[in-house]
Amino acid sequence: EVLELGITRVVLGTAAVRSLAFLGEACANYPGQIILAIDARGGKVAVEGWALETQVRAAELAKKVSHLGLTGVIYTDITRDGMLAGPDLEGLREMIQATSLPLIASGGISSLDDIRKLKALGGLAGAIVGKALYQGSIDLLEAIERFQGSRRAISH
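A.B. asks: Teacher, can you tell me more about the overall build of the protein chain here?
C.D. replies: From N to C terminus, the protein chain includes 7 helices and 7 strands. Going from the N terminus to the C terminus, the protein chain shows its helices and strands as β-α-α-β-β-β-α-β-α-β-α-β-α-α. For 156 residues, the compact-globule estimate of 2.2 N^0.38 gives 15 Å, and the C-alpha radius of gyration of the protein chain, at 15 Å, lies within 12% of that figure. For the protein chain, restricting intrachain contacts to residue pairs at least 6 apart in sequence, the fraction spanning at least 24 positions comes to 64%. Accessible surface, the protein chain as shown: approximately 8,300 Å² in total, 53% of it carbon and sulfur. In the protein chain, which carries 16 positive and 17 negative side-chain charges, the distance between the mean positions of the two groups comes to 6 Å.

Below you can see the structure in the form of structure tokens.
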């Protein structure tokens, strides 16, 4: 319904993980507008507002859905989200190897040094920075100036 109203992109999580057929149908009906959110704890996908952990590895899921026509994937290490403990670099490496889809890192980013580490990984389309912005440990304009550019950008 929201896409019919003119929204440009929709992020799907639990519903997409629960039904890959639903995800495939959404991608087919709305090409270039569907992003998959993969929330993980210890590398395993979590659903239902992070309350339930599945046995599915995040990287396996990313690989499995790579052919569906997703616009991108947001990978969140939920044990780090809001904790300012640094991003899950190892989990992100696995995700980069698993898919060629534009990948956005989320969870734990606390400093420009964390963003530098993400950039050094290569293969990321972006990063979601929340709490560090609110608390002032990252200046958004400085981060944009220092780290602008990506090789796998999500199209506009």
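Read on for the rest.
A.B. asks: I would appreciate a short explanation of the layout of surface pockets in the present structure.
C.D. replies: One water molecule sets the probe size; rolling that probe over the atoms shows where empty space is left. Quantified by volume, the second largest pocket comes out at close to 180 Å³. What lines the second largest pocket is simply Glu 1, Val 2, Leu 3, Val 10, Leu 12, Phe 22, Glu 25, Ala 26, Asn 29, Tyr 30 and Ile 34. Listing elements by their share of the lining of the second largest pocket, those giving two or more residues are β1 (10–12) and α2 (20–29). Tallying contributions element by element places α2 first for the lining of the second largest pocket, with 4 residues. Within the lining of the second largest pocket, the residues separate by chemical class into 8 nonpolar, 1 polar and 2 charged.

A.B. asks: Help me out: how do you make sense of the side chain of Asp 114 in this one?
C.D. replies: Along the chain, the position of Asp 114 falls in helix α5 (residues 112–121). Despite its burial, Asp 114 remains without a salt bridge, the nearest opposite charge being carried by Lys 117 at 4.4 Å. In this structure the side chain of Asp 114 is engaged in a polar contact, spanning 2.7 Å, whose partner is the side chain of Ser 110. Beyond its immediate stretch of four places on either side in the chain, Asp 114 contacts Gly 86, Pro 87, Gly 108 and Ile 109.

A.B. asks: What exactly am I supposed to notice about the nonpolar core here?
C.D. replies: General note: in soluble globular proteins, nonpolar side chains tend to be found buried as a group. Core analysis: the biggest nonpolar cluster contains 38 residues, and Leu 23, Ile 34, Leu 36, Ile 38 and Met 95 have the highest contact counts within it. The element contributing the most residues to this core is helix α3 (residues 58–65), with 5 residues. Setting aside residues up to four positions removed in sequence, Ile 34 forms contacts with Leu 3, Val 10, Leu 12, Leu 23, Ala 26, Cys 27, Leu 70, Thr 71 and Gly 72.

A.B. asks: Is there a simple way to think about the pairing of strand β4 (residues 52–57) in this case?
C.D. replies: Two faces make up the sheet, and in a regular strand the side chains alternate between them. Bridge analysis of strand β3 (residues 44–47) against β4 gives 3 bridges, and the strand direction is antiparallel. Bridged to Ala 46 within β4 is Glu 53. Where β3 folds back on β4, the antiparallel hairpin that results is connected by 4 residues, among which Glu 48 adopts a positive phi of roughly 60 degrees.

A.B. asks: When you look at the pairing of strand β2 (residues 34–41) in this model, what are you seeing that I'm missing?
C.D. replies: Here β2 lies mainly inside the structure; 7 of its 8 residues are buried. Where β1 meets β2, 3 bridges bridge the pair, whose relative direction is parallel. Each bridged residue has a counterpart across the sheet, and for Leu 12 the counterpart in β2 is Leu 36. Two strands pair when backbone bridges link them, and β2 and strand β5 (residues 72–77) are joined in this way by 6 bridges, in the parallel orientation. Bridging across to β5, Ile 38 finds its partner in Tyr 75.

A.B. asks: What should I look at first to understand a nonpolar patch on the surface in this one?
C.D. replies: On the surface, Val 2, Leu 5 and Ile 7 cluster together to form a nonpolar patch covering roughly 310 Å² of accessible area. For Ile 7, a relative accessible area of 41% puts it in the partly exposed group.

A.B. asks: Could you clarify how one ought to interpret α3 in this entry?
C.D. replies: A turn of α-helix holds 3.6 residues, and therefore any two residues three or four places apart point the same way. Inspection of α3 places Ala 58, Ala 59, Leu 61, Ala 62 and Val 65 among the buried residues, and these make up the whole buried set. One side of α3 carries all its buried residues, which in axial view fall inside an arc of 160 degrees. In α3, the exposed positions angled more than 90 degrees off the buried face are occupied by Glu 60, Lys 63 and Lys 64.

Rules and cut-offs
- Residues numbered from 1 in each chain as written.
- Predicted model: local features only at pLDDT ≥ 70, side-chain atom pairs only at ≥ 80, totals over all residues.
- Heavy atoms only, no water.
- Helix = DSSP H or I, 4+ residues; strand = E, 2+ residues; numbered from the N terminus.
- Rg over C-alpha atoms; globule rule 2.2 N^0.38 Å.
- Contact = heavy atoms within 4.5 Å.
- Areas by Shrake-Rupley, 256 points an atom, 1.4 Å probe, with all protein chains shown as cover.
- Lys, Arg positive; Asp, Glu negative; His and termini not counted.
- Charge placed at Lys NZ, Arg CZ, Asp CG, Glu CD.
- 1 Å grid on protein atoms, 1.4 Å probe; cavity = no way out; pocket = protein on both sides within 12 Å on 5 of 7 lines; lining within 4 Å.
- Points joined across faces, edges and corners; volume = space filled by probe spheres on them.
- Nonpolar A, V, L, I, M, F, W, Y, C, P; charged D, E, K, R; others polar.
- Buried < 20%, exposed > 50% of the residue type's maximum accessible area, 1.4 Å probe, protein only.
- Salt bridge = Lys/Arg side-chain N within 4 Å of Asp/Glu carboxyl O.
- Polar contact = N/O pair within 3.5 Å; in protein donor to acceptor, adjacent residues only side chain to side chain.
- Core = buried A, V, L, I, M, F, W, Y, C linked by side-chain atoms within 4.5 Å.
- Pairing = 2+ DSSP bridges.
- Patch = residues over 30% accessible without salt bridge, like charges linked within 9 Å, V, L, I, M, F, W, Y side chains within 5 Å.
- Arc of directions from axis to C-beta.

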